[in-house]
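Chain by chain, the residues:
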Amino acid sequence: PRTNLYVALVGPVGSGKSVAFEDALEILDVTEPKLITVKAGSAEGLLNHIGNRNGYTRLLFVDELKHLMQKGNIDRSSFFPELCEIYDKNAVPLIIAGGKHVFFNSRLTLCGGIVDTSFDECFGGSSTAGLHDRFILARCPTGRESHVFSPLKGGLEITNCVPVEIGADVWKETQKWAKDHALLGRVVQN
């Protein structure tokens, strides 16, 4: 099963969205080449930069996700459809500006923060055709609008990565959820 996610933390300025991601990346020891922090000017530029990673997982962390999402809201932009396609597929051949052929081959996880007052600029009408529901959106709890920084305590998390196997009972349960709550759509998959 695919184990990539698209995740956005949504909250006011100063609520700790960036710190939450940075702490998680540090605890899990996610660094280059697995971690990508580039800000691309286009979908094609981004996918060209990531390139052929032989299907291996890469995590694209864009601190201010608005930068990336605005590219998809440009008239006739192919960014959102391409993000939809690479959510479900590793290998995608592309032709970019100047007729250059690019072969994207990576399992991409995408994460970043969105200032709550900019949410509609990021997830406007052009994202409702498949991209919006591919995201797990987490809203900053009310009353926690201000983050007070303190250094991270502890060390790296010791992980023993193994292939993911999902039991048959999980598929039965998700089918039940999908039937009982038709409006959930792709949320069940996430």
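Note: the structure precedes this text.
Residues numbered from 1 in each chain as written. Predicted model: local features only at pLDDT ≥ 70, side-chain atom pairs only at ≥ 80, totals over all residues. Heavy atoms only, no water.

Peer 1: Describe in detail the packing of helix α2 (residues 43–50) against helix α4 (residues 79–88), supporting the description with residues and values.
Peer 2: Running from N to C, α2 and α4 cross one another at 35 degrees; their axes reach a closest spacing of 9 Å. Two secondary-structure elements touch here, α2 through Ala43, Glu44, Leu46 and Leu47 and α4 through Phe79, Glu82 and Ile86. (Axes fitted to C-alpha atoms, helices over the stretch in contact; angles between N-to-C directions. Helix = DSSP H or I, 4+ residues; strand = E, 2+ residues; numbered from the N terminus. Contact = heavy atoms within 4.5 Å.)

Peer 1: Just give me the short version of the state of the cysteines, but keep the residues and values in it.
Peer 2: Enumeration over the complete set of coordinates arrives at zero disulfides. Not part of a disulfide, Cys122 finds its nearest cysteine sulfur in Cys111, a span of 14 Å. Not part of a disulfide, Cys140 finds its nearest cysteine sulfur in Cys122, a span of 16 Å. (Disulfide = S-S within 2.5 Å.)

Peer 1: Talk me through a nonpolar patch on the surface; I want residue IDs and the actual numbers.
Peer 2: A contiguous nonpolar surface patch, about 340 Å² in accessible area, is contributed by Val164, Ile166, Val170 and Trp171. Tracing the sequence through the fold places Val164 in the loop between β6 (135–139) and α6 (168–180). (Patch = residues over 30% accessible without salt bridge, like charges linked within 9 Å, V, L, I, M, F, W, Y side chains within 5 Å. Areas by Shrake-Rupley, 256 points an atom, 1.4 Å probe, with all protein chains shown as cover. Salt bridge = Lys/Arg side-chain N within 4 Å of Asp/Glu carboxyl O.)

Peer 1: Outline the packing of helix α3 (residues 65–72) against α4, listing residues and values.
Peer 2: At their nearest, the axes of α3 and α4 sit 7 Å apart, and the two run at 110 degrees to each other. Comparing the axis directions of α3 and α4 gives the class roughly perpendicular. From α3, Leu68, Met69, Lys71 and Gly72 reach across to α4, where they touch Phe79, Phe80 and Leu83. Looking at side-chain class alone, the contact of α3 with α4 contains five nonpolar, one polar and one charged residues. (Parallel < 35°, antiparallel > 145°, perpendicular 65-115°, else oblique. Nonpolar A, V, L, I, M, F, W, Y, C, P; charged D, E, K, R; others polar.)

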